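The residues making up each chain are set out below.
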Amino acid sequence: MLEDISPKQLLEDLSGGNEASAQDLKIIRDVMSQQGLSVGVMNVLVHYVLLKTDMKLSKAYLEKIASHWARKNVKTVRQAMALAKSENNKYQEWSSRAPQRKTSKQEVLPEWFKQRKETPTAKEKKPAVQEETEKEDIAALLQNYSKNKKTNQMANPRD
């Protein structure tokens, strides 16, 4: 079937009967003429690219595979289909063998930060008795300040 229909008809069949875009047809025509591919081989290429790219016809991807097939001297539909299957199998094998990368990253903390957490802060070091004494001192200072302020206001009523 791929030998007998045009790339335009193939695109329309794969898109459920919708008309092929002029841009897609131009891409196909350009690649066919640049790489010297037959209509049947081009149909296999278009079908392969559409399957690999979620039904998007990418010019760069199409050109890359077309040039590869031209270097491999692919002339028939059977050769093109065999090469497409072979490349797909290689890709599947490669992706299943490739080690999966761990995406988690461990945060690196400097030594001084770790030591800071280990040693208690100044507030933690103070005994409860010392804290109570400081509070009493502060209260006394405030009381003294309030008395002095009242005394000064009585002496200078204009303030």
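Reading guide: rules and limits
Residues numbered from 1 in each chain as written. Predicted model: local features only at pLDDT ≥ 70, side-chain atom pairs only at ≥ 80, totals over all residues. Heavy atoms only, no water. Axes fitted to C-alpha atoms, helices over the stretch in contact; angles between N-to-C directions. Helix = DSSP H or I, 4+ residues; strand = E, 2+ residues; numbered from the N terminus. Parallel < 35°, antiparallel > 145°, perpendicular 65-115°, else oblique. Left-handed = near helix turned anticlockwise from the far one by under 90°. Contact = heavy atoms within 4.5 Å. Nonpolar A, V, L, I, M, F, W, Y, C, P; charged D, E, K, R; others polar. Polar contact = N/O pair within 3.5 Å; in protein donor to acceptor, adjacent residues only side chain to side chain. Expected span 1.5 Å × (residues − 1).

For the pair helix α1 (residues 7-14) and helix α3 (residues 39-52), the least separation of the axes is 9 Å and the interaxial angle reads 30°. Viewed along their axes, α1 and α3 adopt a mutual orientation that is roughly parallel. Of the two possible hands of crossing, α1 and α3 adopt the one that is right-handed. Of the residues in α3, those touching α1 at Pro7, Leu10, Leu11 and Leu14 are Val39, Asn43, Val46, His47 and Leu50. Taken together, the residues that form the contact of α1 with α3 break down as 7 nonpolar, 2 polar and no charged.

Take the side chain of Asn43 next. Take Asn43: it is sitting in helix α3. At a separation of 2.7 Å, a polar atom in the side chain of Asn43 contacts the main-chain carbonyl oxygen of Leu2. Setting aside residues no more than four positions away along its own chain, Asn43 makes contact with Leu2, Ile5, Ser6, Pro7 and Leu10.

The phi dihedral of Asp54 is positive, around 55°, even though this residue is not glycine. Looking at the element boundaries, Asp54 is found in the loop between α3 and α4 (59-71).

Attention shifts here to helix α5 (residues 77-97). Spacing of three or four residues puts side chains on the same side of an α-helix, whose turn is 3.6 residues. In this model, α5 (21 residues) spans 30 Å end to end at C-alpha, consistent with the 30 Å of a helix rising 1.5 Å per residue. Elements in contact with the buried residues of α5: α3 and α4.

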